[in-house]
Amino acid sequence: MMVNDFRHVQADSHIGDIPDPLHGRKLRVGIISPYSFETPGGVQFHIRDFAQELIARGHQVEVLAPGRRTNDMPLWVQTNGTSFAIPYNGSVSRLSYFGFVGAQVRRWVRQGHFDIVHLHEPEAPSLSHKPLTMTRHPPLVGTFHAAFSTYPLALRFFQTYLNRYLAPLSYAICVSDSARATADRYMPEHIPTTIIPNGISCRRFAQASPSPRWVGTDDMPTIGFLGRIGEERKGFSVFCEAALKILDRYPQARFLCVGDGERQGRDMIADLDPSGVLGAHMEFLGRISDEDKERFYRSLSVYVAPQRGGESFGIVLAEAMAARCPVVASDLPAFVDVSDQGRAAALFSNGDAADCASVVCSLLADAERRSALGAAGQQRSFRYDWSTVVDQVLNVYAQVLS
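First, a word on scope: everything that follows refers to the structure included in this document. (Residues numbered from 1 in each chain as written. Predicted model: local features only at pLDDT ≥ 70, side-chain atom pairs only at ≥ 80, totals over all residues. Heavy atoms only, no water.)

**Digging into the pairing of strand β8 (residues 171-174)**
The two faces of a sheet get side chains in turn, since along a regular strand they alternate between them. Burial along β8 is two-sided: the residues Tyr171 and Ile173 and Ala172 and Cys174 are all buried. Strand direction decides the pairing type here: strand β7 (residues 140-144) and β8, joined by four bridges, are parallel. The partner of Val141 across the bridge, within β8, is Tyr171. As paired elements, β8 and strand β9 (residues 193-195) share three bridges and run parallel to each other. Across the sheet, residue Cys174 finds its bridge partner in β9, namely Ile195. (Buried < 20%, exposed > 50% of the residue type's maximum accessible area, 1.4 Å probe, protein only. Helix = DSSP H or I, 4+ residues; strand = E, 2+ residues; numbered from the N terminus. Pairing = 2+ DSSP bridges.)

**Observations concerning helix α14 (residues 367-381)**
Its 15 residues place the ends of α14 21 Å apart at the C-alpha level, agreeing with the 21 Å of an ideal helix rising 1.5 Å per residue. Burial in α14 covers these residues: Arg370, Leu373, Gly374, Gly377, Gln378, Arg380 and Ser381. Viewed end-on, α14 has its buried residues packed into an arc of 160°, placing them on one side of the element. Across α14 from its buried face, at more than 90 degrees, point the exposed residues Glu368 and Gln379. (Expected span 1.5 Å × (residues − 1). Arc of directions from axis to C-beta.)

**Observations concerning the side chain of Asp385**
Along the polypeptide, Asp385 turns up in the loop between α14 and α15 (386-401). Arg203 provides the closest opposite charge to the buried, unpaired Asp385, separated from it by 7.3 Å. Ignoring anything within four residues of it in the chain, the contact list for Asp385 reads Ile200, Ser201, Cys202 and Arg203. (Lys, Arg positive; Asp, Glu negative; His and termini not counted. Salt bridge = Lys/Arg side-chain N within 4 Å of Asp/Glu carboxyl O. Contact = heavy atoms within 4.5 Å.)

**Structural notes on the packing of aromatic side chains**
Here the distance between the centres and the angle between the planes together describe a pair of aromatic rings. For the structure on display, the rule yields 17 aromatic pairs. Both rings, one in Phe225 and one in Phe239, keep their centres 5.4 Å apart while their planes meet at 40°; by these two values the pair is tilted. With Phe225 in strand β10 (residues 222-226) and Phe239 in helix α7 (residues 236-249), the pair connects residues that are 14 residues apart, well separated along the chain. Considered together, Phe225 and Phe239 belong to a single accessibility category, that of buried residues. Following the ring pairs from residue to residue traces out a cluster consisting of Phe205, Trp214, Phe296, Tyr297 and Tyr303. Over the ring of Phe45 we find Lys293, and its NZ or CZ is 5.9 Å from the ring centre. (Phe/Tyr/Trp six-rings, centres within 6.5 Å; stacked < 30°, edge-to-face > 60°. Lys NZ or Arg CZ within 6 Å of the ring centre and 35° of its normal.)

**Re the sheet that holds strand β14 (residues 327-330)**
A sheet is described by the order of its strands in space; here six strands give the open sequence β12-β11-β10-β13-β14-β15, paired in parallel fashion. Every interior strand has two partners, whereas the edge strands, β12 (282-286) and β15 (346-348), have only one. Going from strand to strand, the sheet's axes swing by 25° on average, the running direction of each strand aside. The pairing of strand β11 (residues 254-258) with β12 spans four bridges and is parallel. The residue bridging Phe255 from the neighbouring strand is Met282, located in β12. Sheet strands in contact with α7 are β10, β11, β12, β13 (302-305) and β15, and its direction is about 165° off that of β11. (Axes fitted to C-alpha atoms, helices over the stretch in contact; angles between N-to-C directions.)

**Details of empty space enclosed by the protein**
The space that makes up the largest cavity amounts to roughly 60 Å³. Looking at the largest cavity, the residues that line it are His46, Phe50, His118, His120, Thr143, Ile173, Val175, Ile196, Pro197, Val389 and Val393. Put simply, the parts of the chain that give the lining of the largest cavity at least two residues each are α1 (42-56), β6 (116-120) and α15. When the residues that make up the lining of the largest cavity are grouped by side-chain class, the tally is seven nonpolar, four polar and no charged. (1 Å grid on protein atoms, 1.4 Å probe; cavity = no way out; pocket = protein on both sides within 12 Å on 5 of 7 lines; lining within 4 Å. Points joined across faces, edges and corners; volume = space filled by probe spheres on them. Nonpolar A, V, L, I, M, F, W, Y, C, P; charged D, E, K, R; others polar.)

Structural data, given as structure tokens:
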């Protein structure tokens, strides 16, 4: 798979402290994705990596997702052969919901003989919504990823329906405080809820080798962006405006852009700077492999996360921090949380390109501060390592099965 950008029961204090909360028991786990694996995205990557971690620990895992199979999908990912595109939270998601889909999903659950079925985004109109209608089913755990800058009218309209529909869940996991604030609006009160963040492999990012293609110098720093360039909420326009101002101070700076949308990106640059100066400093790398993504973060002078909204966690921040890369990020609530209130990343006012440029330039001018920020970020990233996150989820499974 290629990289794109592909009530309050508090988490118990002992979650994550028990090496094996299942005491050696190996589970059959069914995981249902609401989004197609044909188009990369954060939820899909989370499901993929979480499943791999479970399998590495000896559990049996099957994943069901909308859409068609592609050659790079693991054998344990099954698809239902159909999906449709719908605008959702500032992006375009491929879901599957109508016709025979419900019967198809319920048959998959029955035939899987799972100990646990883990539903991602069960509030979304897609596959993970369907098992909630079953009369008999394994215990159902739901993970809620979505967070919204403005609560959608559609969710407001279906709030009462969702409150009733989600009642079969045995436990709810939210990936952040922001995601929980959204889920609390429609979550039934009786469902225990905890926060467990998304996971990353800290070791892989920390041990990656910098790429000579992307390593910056004091005079020619490299400043990175990773995301779907054409989506407004990812903030590429803010990145471009900040880049113009950074070039005033660092005229040899290079801006490395990872993700789909080069055409839209070049259009934005041409509108912003018809002279072509900015375009000459922008390098579009497209989608890159997981290994190259790790090297990308390790090579940069500074990584910029200029997202405007709709972010429930901030996986790109955690990844860059794990690579010991100094991070500059917009002050979205989710990013403030991941960065430990700005102690592990330098924050700027959301949407303010001038502030972004100022923060980046101050870091580029201070190698000692960059090094300290990178070290603080790497230390912070350990809490998001899969070794910790999987323990937390297995502890939820153990509570549900008990």
